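# Structural description and commentary
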Amino acid sequence: MSERSTISVSMLGAGATHSLRIAPELAASVREAAGFDLTGSINTAISTGAKIAARLGPDEWLLIGPDGQSNALSDEIGAALAGHFHSLVDVSHRNVGIAVAGREASMALSAGVPIDLGDTAFPAGSATRTVLGKAEIVLMRPGSDRVYRVECWRSFAPYVRAFLDEAAREFNSQ
């Protein structure tokens with residue numbers, strides 16, 4: 001008899017979330033801004049303490065920090081990038097984070113995510129823009145092997161949460 005699988009789906013607390021656009025060569029020369037590591041390759045998420053820097057494209061990062069620090073982080077990032085052409089937008093009120101954790105979390109996510117979430121294709125430290133069902137999301141596996149972070153727009157959060165709860169139910173009822 002196999003061990004009972006448990007997948008948890010939980011809303012994450014509010015975070016200080018910013019969208020950063022900067023030329024890759026400039027990011028490489030700056031390397032770090034306000035504690036966010038900008039050295040990752042495309043489709044990676046680098047955790048530094050309570051901060052995550054997810055590189056989603058050649059010149060695009062999603063930066064997630066602790067709640068209540070949006071203004072301070074905006075100022076610190078702006079100071080670190082002073083003199084470099086960049087765009088920094090606070091999207092904290094737009095985004096919501098949802099954690100999906102457990103031994104079979106990738107299987108539950110695969111119910112709606114059309115990409116390979118196996119350990120080889122989507123290892124710890126991965127991040128990508130994709131869809132879950134009919135909602136656009138950013139999916140990250142920033143640190144722990146079995147904990148995924150789903151970032152979506154606040155208006156899609158009830159749908160995404162219900163979808164994930166339903167997908168997890170199959171594994172939690174075994």
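Reading the values: the criteria
Residues numbered from 1 in each chain as written. Predicted model: local features only at pLDDT ≥ 70, side-chain atom pairs only at ≥ 80, totals over all residues. Heavy atoms only, no water. Helix = DSSP H or I, 4+ residues; strand = E, 2+ residues; numbered from the N terminus. Buried < 20%, exposed > 50% of the residue type's maximum accessible area, 1.4 Å probe, protein only. Polar contact = N/O pair within 3.5 Å; in protein donor to acceptor, adjacent residues only side chain to side chain. Contact = heavy atoms within 4.5 Å. pLDDT = per-residue confidence, 0-100. Phe/Tyr/Trp six-rings, centres within 6.5 Å; stacked < 30°, edge-to-face > 60°. Lys NZ or Arg CZ within 6 Å of the ring centre and 35° of its normal.

### Structural notes on the side chain of His 18
Structurally, His 18 can be placed in strand β2 (residues 15–22). Residue His 18 is classed as buried on the basis of its relative accessible area, which comes to 0%. A distance of 3.4 Å separates a polar side-chain atom of His 18 from the backbone oxygen of Ser 70. Looking at His 18, its side chain comes within polar contact range of the side chain of Ser 74, at 2.8 Å. Aside from chain neighbours lying at most four places away, what touches His 18 is Trp 61, Leu 62, Leu 63, Ser 70, Leu 73, Ser 74, Leu 88, Val 89, Asp 90 and Val 91.

### A few points about the environment of Gly 102
Within the secondary structure layout, Gly 102 lies in the loop between β9 (95–101) and α3 (105–109). Here Gly 102 falls in the buried class, since its relative accessible area comes to 14%. Sequence separation between Gly 102 and Ser 8 is 94 residues; the distance between their C-alpha atoms is 6.4 Å. Not counting residues within four places of it along the chain, the set of residues in contact with Gly 102 comprises Thr 6 and Arg 146.

### Looking at the confidence of the model for the chain
When pLDDT is averaged along the chain, the result is 92, and 97% of the positions lie at 70 or above. Of all secondary-structure elements in the chain, the lowest mean pLDDT belongs to helix α1 (residues 24–30), at 87, while strand β10 (residues 126–132) reaches the highest, 98.

### What to know about unusual backbone geometry
Non-glycine residue Ala 34 carries a positive phi angle of around 55°. Relative to the elements of secondary structure, Ala 34 occurs in the loop between β3 (32–33) and β4 (36–37). A positive phi is found at Asn 43, a non-glycine position, where the angle reads about 70°.

### Structural notes on the packing of aromatic side chains
If you walk through the whole model with that rule in mind, you get three aromatic pairs. Ring geometry for Phe 122 against Tyr 148: centres 6.4 Å apart, planes inclined by 15°, an arrangement best described as stacked. Residue Phe 122 is found in the loop between α3 and β10, and its partner Tyr 148 is found in strand β12 (residues 147–153); the two are separated by 26 residues along the sequence. Of the two residues, Phe 122 and Tyr 148, neither departs from the other in class, the shared state being buried. Taking the centre distance of 6.2 Å and the plane angle of 15° together, the rings of Trp 153 and Phe 156 count as stacked. Looking at Phe 156, the relative accessible area reads 31%, which means it is partly exposed. Sitting above the plane of the Phe 36 ring, Lys 51 keeps its charged end 5.3 Å from the centroid.

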